[in-house]
Amino acid sequence: MSQITVIIPTPLRGYAEGQDSIVVNAGTVAEALTELTSRYSELSRHLYSEDGQLRSFVNIYLNDEDIRYLEGRDAAGVQAGDEIRIVPSIAGGVATAPEVKDVEFTQEEMRRYARHLILPEVGPEGQKKLKQARVLLIGAGGLGSPASLYLAAAGVGTLGLVDFDVVEHSNLQRQIVHGTSDVGRLKLESARDRLLDVNPEIEVETHEVRLSSDNALEILTEYDIVVDGTDNFPTRYLVNDACVLLGKPNVYGSIFRFEGQVSVFHAKQGPCYRCLYAEPPPPGLAPSCAEGGVLGVLPGIIGTLQANETIKLILGAGDPLIGRLLLFDALRVRFRELKLRKDPECPICGENPTVHKLIDYEVFCGIREAEVEQRGLEAGVPIITASELRARLDAGDPIRVIDVREPHELNICKLDEAELIPLGQFPSQISRLVGGNDEIVVICRSGRRSAYAVRLLQDAGFTEAYNLTGGLLAWSDEVDPTMVKY
Ligand code: ZN
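Throughout this document, residue positions are counted from 1 along each chain, in the order its sequence is written. Per-residue local features of the predicted model are confined to residues with pLDDT of at least 70, and side-chain atom pairs are confined, for both listing and counting, to 80 or more; whole-chain, interface and lining totals are unaffected and use all residues. Hydrogens and water molecules were not included; the side-chain quantities draw on all heavy atoms of the structure.

**Q** So what exactly am I meant to see when it comes to the pattern of salt bridges here?
**A** Think of it this way: side chains of opposite charge can pair up when their charged atoms draw near. One side-chain nitrogen of Lys or Arg within 4 Å of one carboxyl oxygen of Asp or Glu is enough to make a salt bridge. Inspection of every chain in the model, using the stated rule, returns 22 salt bridges. Between E309 and K312 there is a salt bridge whose closest N-O contact spans 2.8 Å. One end of the pair, E309, and the other, K312, are both in helix α13 (residues 297-315), three residues apart, so they sit about a helical turn from each other. Each residue is assigned to one of three classes by its accessible area relative to the maximum for its type, calculated with a 1.4 Å probe on protein chains only: buried under 20%, partly exposed between the two thresholds, exposed over 50%. Taking relative accessible area as the criterion, E309 reaches 4% and is therefore assigned buried. A residue is classified by how much of its surface remains accessible, and K312, at 17% relative accessible area, is buried. A salt bridge links D477 to K485, with the shortest nitrogen-to-oxygen separation between them at 2.7 Å. Its relative accessible area of 55% is what places D477 among the exposed residues. Counting from the N terminus, the helices are the DSSP runs of H or I reaching at least four residues and the strands are the DSSP runs of E reaching at least two.

**Q** Could you clarify how one ought to interpret empty space enclosed by the protein in this entry?
**A** Only protein atoms enter the 1 Å grid used here. Points where a 1.4 Å probe fits but cannot escape make up a cavity, open sets with protein on both sides within 12 Å along at least five of seven lines make up a pocket, and a residue lines them when an atom lies within 4 Å of a point. Grid points are joined across faces, edges and corners, and a volume is the space filled by probe spheres set on the points. Per the counting criterion, the structure on display carries one cavity of 30 Å³ or more. Considered as a void within the structure, the largest cavity measures approximately 30 Å³ in volume. Around the largest cavity sit N240, C243, V244, K248, N250, F265, H266, A267 and C272, which together line it. The leading source of residues in the lining of the largest cavity is helix α10 (residues 233-246), at three residues. Under the grouping applied here, Gly and all other residues not named as nonpolar or charged are polar, the nonpolar ones being Ala, Val, Leu, Ile, Met, Phe, Trp, Tyr, Cys and Pro and the charged ones Asp, Glu, Lys and Arg. Of the residues assigned to the lining of the largest cavity, the class counts are five nonpolar, three polar and one charged.

**Q** Looking at this structure, how should I read the coordination of the zinc ion?
**A** Ideal values differ by geometry: the angle at a metal is 109.5 degrees with four tetrahedral donors, but 90 or 180 degrees with six octahedral donors. Note that water is not among the atoms considered, so a metal site may appear incomplete; the donors listed are N, O and S atoms within 2.8 Å of the metal, with 3.2 Å applied to Na, K and Ca. Binding of the zinc ion to the protein goes through C272 (SG), C275 (SG), C346 (SG) and C349 (SG), at separations of 2.3 Å. Square planar and octahedral sites, with four and six donors, are those where opposite donors lie more than 155 degrees apart and all other angles lie between 65 and 115, tetrahedral sites have four donors with every angle between 85 and 135 degrees, and the rest are irregular. In this structure, the zinc ion is coordinated by four donor atoms arranged in tetrahedral fashion, with angles at the metal of 94 to 120°. Sequence spacing of the donors to the zinc ion: C-x2-C-x70-C-x2-C. Within this pair, whereas C272 is found in the loop between β11 (259-265) and α11 (273-276), its partner C346 is found in the loop between β13 (334-339) and α14 (361-364), the two being separated by 74 residues in sequence.

**Q** How should the sheet that holds strand β6 (residues 134-138) be read in this particular structure?
**A** Within a sheet, adjacent strands bond to each other through the backbone by hydrogen bonds, running parallel or antiparallel. Strands sit in the order β8-β7-β6-β9-β10-β11-β12-β13 across an open sheet of eight strands; the sheet is mixed. Among the strands making up the open sheet, the edge pair consists of β8 (203-207) and β13. Recorded for the sheet is a direction-independent mean angle of 15° between the axes of neighbouring strands. Following DSSP output, two strands are said to pair if at least two bridges run between them. Judged from the four bridges that link them, β6 and strand β9 (residues 225-228) form a sheet pairing that is parallel. Looking at the pairing, L136 lines up with V226 of β9. Residue contacts follow a heavy-atom distance rule, with two residues in contact if any of their heavy atoms lie within 4.5 Å. Throughout, an axis means a line fitted to C-alpha atoms (over the contacting stretch in the case of helices), and angles, computed between N-to-C directions, take values from 0 to 180 degrees. In the packing of α10 onto the sheet, the strands contacted are β6, β9, β10 (250-256) and β11, and the crossing angle to β10 comes to about 165°.

**Q** What is the right way to read the packing of aromatic side chains from this model?
**A** Between two aromatic rings, the relevant description is the distance of the centres plus the angle of the planes. Any two of the Phe, Tyr and Trp rings considered here, Trp counted by its six-membered ring, make a pair once their centres fall within 6.5 Å; the pair's planes then place it as stacked at under 30 degrees, edge-to-face at over 60, or tilted in between. In the structure shown here, the tally under the stated rule is nine aromatic pairs. Considering the side-chain rings of F265 and Y273, the 5.8 Å spacing of their centres and the 70° angle between planes classify their relative orientation as edge-to-face. Looking at F265, the relative accessible area reads 2%, which means it is buried. Here the aromatic rings of Y273 and Y277 are separated by 5.3 Å at their centres, their planes lie at 65°, and the arrangement is edge-to-face. Here Y273 falls in the buried class, since its relative accessible area comes to 3%. With a relative accessible area of 30%, Y277 lands in the partly exposed category. Taken together, Y237, Y252, F265, Y273, Y277, Y361 and F364 form an aromatic cluster joined through their ring pairs. We call a charge positioned above a ring when the Lys NZ or Arg CZ atom is no farther than 6 Å from the ring centre and deviates by at most 35 degrees from the ring normal. For the cation-ring pair, R134 lies above Y223, with the distance from its terminal atom to the ring centre recorded as 4.7 Å. We note R274 situated over the ring of F364; from NZ or CZ to the ring centre the distance is 4.8 Å.

Set out below in structure tokens:
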């Protein structure tokens, strides 16, 4: 047995209490790794697959030699003073300037990239860096569409896409990587076909999963740069934390209605998303684009800025948006830049980090609690299905139908029998409903707002009040397919 040092790479330090090296007593490489993983069991999951094999993206070096090329591999003997180095196959971000290997361009590629090749800031060297780069786009939606199209056109050699959604008609207003004929297809397949049509010289790798704490590190570690095009807070914090733990730059973009934000979070050189927003807003406080709407061209502008930042990081050209938050207001056409500081107290990239591994981001963002609350609310509310309501209205039963959506939503679709009382005005209008003998059915888009309104009616003493379960979405499915879904 000899004392040897195991060097832990940045991405895995979080699983070894932040240490960059650990001294163990061992006679062979295998013993050293066993000793290491018995002390830090979390490391085991990252180094080995379920069947006990060293993961394909992890290499082990003994002093300067890759043990894969040593006889006897794990059984290789070690001596006092030896160093074992764990090296993920794609180590570090591009900010450490990747070595430009000799990449040959075909005549066709020379023609394709001609306008880049004559730019001094790009040139053949820069174009080679682009070809060697591996960029992961989280989401093939509003932001991912323009970002992926421009990165493909620019010749970024490998684009990874993470998405599990299907193309819907309501996506086409802004998700320009997809076409009308793609409705119903997986976004991944639709995007891959389009990107390869834009540039057949590149590789597109698809990951059909919901990004989670279980798969994020494994997927992200294979790429140099991550482009965050997510539309929800749990995934945003997940992407941030995974990028910080892996030491990768995170090209961030977000959009809502007419406003967008762009930045580059790279914890090695500046702040991260948690330095900017330590905690997510409570669920329901910040509406999603599905609820609040978004100007179609806005993700085009923000996603294109993300592509620009990504290309600059790959080339090492210009000033990246590290430590700066760019805000864009589409209505006033105004850009504003805020200085971002690294928060020394940041729980993941600060001086004394408390987050060393990925957590449950739905719990962190309060999503589970909100869901349980919503289920509890809906559970205590009597319901009527769309087909039942249609049948009873057709039978001429005395039913008063109240629509609690916002007035502008009625322009999209409505039930002729319904009267409008937006939810915000509902409490003050309840007295209007008092005294009638009719049963009351409350409706909205999905059945959530109307459940809340029925609860208010119950509290006011109504016993014959029902919620249209599933809302107008269910009406469209069960009763009238011409009812527009939104
Ligand atoms: Zn931070």
